[in-house]
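Residue strings, one per chain:
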Amino acid sequence: MNEAALTLEGWYALHDFRSINWPAWKAADEEERAVALEELNEFLADWDQVDEAKQGSTAVYSIVGQKADVVFMHLRETLEDLNEIENAFNKTTFAKYTTKSYSYVSVVELSNYLAASGGGDPMENPHVVARLKPQLPKSRHICFYPMNKKRDLSDNWYMLSMDERKSMMQSHGLIGRGYAGKVKQIITGSVGFDDWEWGVTLFADDALQFKKLVYEMRFDEVSARFGEFGPFYVGNLLDHPSLNQLMKV
Ligand code: 76R
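Nothing here was measured: the structure is a model prediction, and the numbers come from that model. (Residues numbered from 1 in each chain as written. Predicted model: local features only at pLDDT ≥ 70, side-chain atom pairs only at ≥ 80, totals over all residues. Heavy atoms only, no water.)

*Asks:* Explanation requested: the overall build of the chain in the structure shown.
*Replies:* Along its length, the chain carries eight helices and 11 strands. Rg of the C-alpha trace for the chain: 19 Å, near the compact-globule value of 18 Å for 249 residues, within the 12% margin. Viewed in the frame of its principal axes, the chain has a C-alpha envelope of about 65 × 35 × 30 Å. Within the chain, the fraction of its 249 residues that count as buried is 43%. Long-range contacts, defined as pairs at least 24 residues apart, comprise 79% of the intrachain contacts of the chain with a sequence gap of at least 6. Taken as a whole, the chain presents about 13,500 Å² of accessible surface, with 52% of it coming from carbon and sulfur. (Helix = DSSP H or I, 4+ residues; strand = E, 2+ residues; numbered from the N terminus. Rg over C-alpha atoms; globule rule 2.2 N^0.38 Å. Buried < 20%, exposed > 50% of the residue type's maximum accessible area, 1.4 Å probe, protein only. Contact = heavy atoms within 4.5 Å. Areas by Shrake-Rupley, 256 points an atom, 1.4 Å probe, with all protein chains shown as cover.)

Written out as structure tokens, the structure is:
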């Protein structure tokens, strides 16, 4: 058997995609809409507090295109915390005016392909912990997609030796590093949790950098030979004022 990559795990992640039922929202009376927005704003304020206390992080983006209208990306310490958030949200008045479009459950993951084995407990290393429990940035744009690594006859990632995988991941990391300062990437592992093996979440102020990065990676062996991709979601940051603006009818 080949040597499995060692992974470190951090916060659990829930990408919760919702669509807004606009006809129902428009048909609701002013008071009902005000109550719904107030509840939603309370949630946003609660999530901000969790962020400030560094007990988790939440990002809210509107989605462009018909796959969904909004994504709430939550990072929390446990799966129970994530479950609690989605259930509490589902009980709000606002949720009555949304439908569930898609969701993704995973956990922030770092692998040892490129890690310098500096010795010691990595969980004691503040740089490692900051990557496993990241504060989500307030970049203008988000891009999310799930992916697998192929298990196909001669193109079976899981049959390659550690050295072969390491060298391909090195090239992958080099391309990624070329986007430092332009794209922030969070890789979440989802083997055993959801339908694909990883979630890829990218943040950038210039959405074109998503296209450039993903395109460049398509030519790199690990993506070209082994990458299998699910649906792509791309969106725009919703801060409190723009979320309230979005809901104005
Ligand atoms: O963690 C690190 O920064 C070390 C290098 C590194 C690893 C181990 C790294 C760097 N990635 C790693 C692992 Mn990545 N990454 C993707 C995608 O669209 C595609 O073709 C692939 C989707 C993108 C866009 C991306 C970006 N990466 C992984 C893994 C787990 C693999 C495994 O365990 O087998 C996946 C699935 C994956 C996919 N990667 C980077 C980036 C970027 C931008 C970097 C540089 C990050 C930095 O240096 O800050």
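Picking up after the structure, the text goes on.
*Asks:* Looking at this structure, I do not really get the packing of aromatic side chains. What am I missing?
*Replies:* Geometrically, a pair of aromatic rings is defined through the distance of the ring centres and the angle of the planes. Per the counting criterion, the structure on display carries 21 aromatic pairs. Ring geometry for Phe 17 versus Phe 144: centroids 5.9 Å apart, planes at 45°, classification tilted. With Phe 17 in strand E1 (residues 7-20) and Phe 144 in strand E5 (residues 141-149), the pair connects residues that are 127 residues apart, well separated along the chain. Accessibility classification places Phe 17 together with Phe 144 in one group, the buried group. When the centroid spacing of 5.0 Å and the interplanar angle of 85° are considered together, the rings of Tyr 215 and Phe 219 count as edge-to-face. Given the relative accessible area of 61%, Phe 219 is considered exposed. Here the aromatic residues Trp 25, Phe 43, Trp 47, Phe 72, Phe 89, Phe 94 and Tyr 97 are joined through ring pairs into a cluster of three or more. Of note, Lys 182 hangs over the ring of Tyr 179, and the distance from its end group to the ring centre comes to 5.7 Å. The cationic tip of Arg 218 hangs over the ring face of Phe 229; the distance from NZ or CZ to the ring centre is 4.0 Å. (Phe/Tyr/Trp six-rings, centres within 6.5 Å; stacked < 30°, edge-to-face > 60°. Lys NZ or Arg CZ within 6 Å of the ring centre and 35° of its normal.)

*Asks:* Help me understand the coordination of the manganese atom of the ligand in this model?
*Replies:* Geometry reference: four tetrahedral donors at a metal, ideal angle 109.5 degrees. Six octahedral donors, ideal angles 90 or 180 degrees. Looking at the manganese atom of the ligand, one finds just one donor atom contributed by the protein, His 172 (NE2), at 2.2 Å. As for its placement among the helices and strands, His 172 is situated in helix H5 (residues 162-177). (Donors = N, O, S within 2.8 Å, 3.2 Å for Na, K, Ca; no water.)

The values are spatial; any link to function lies outside them.
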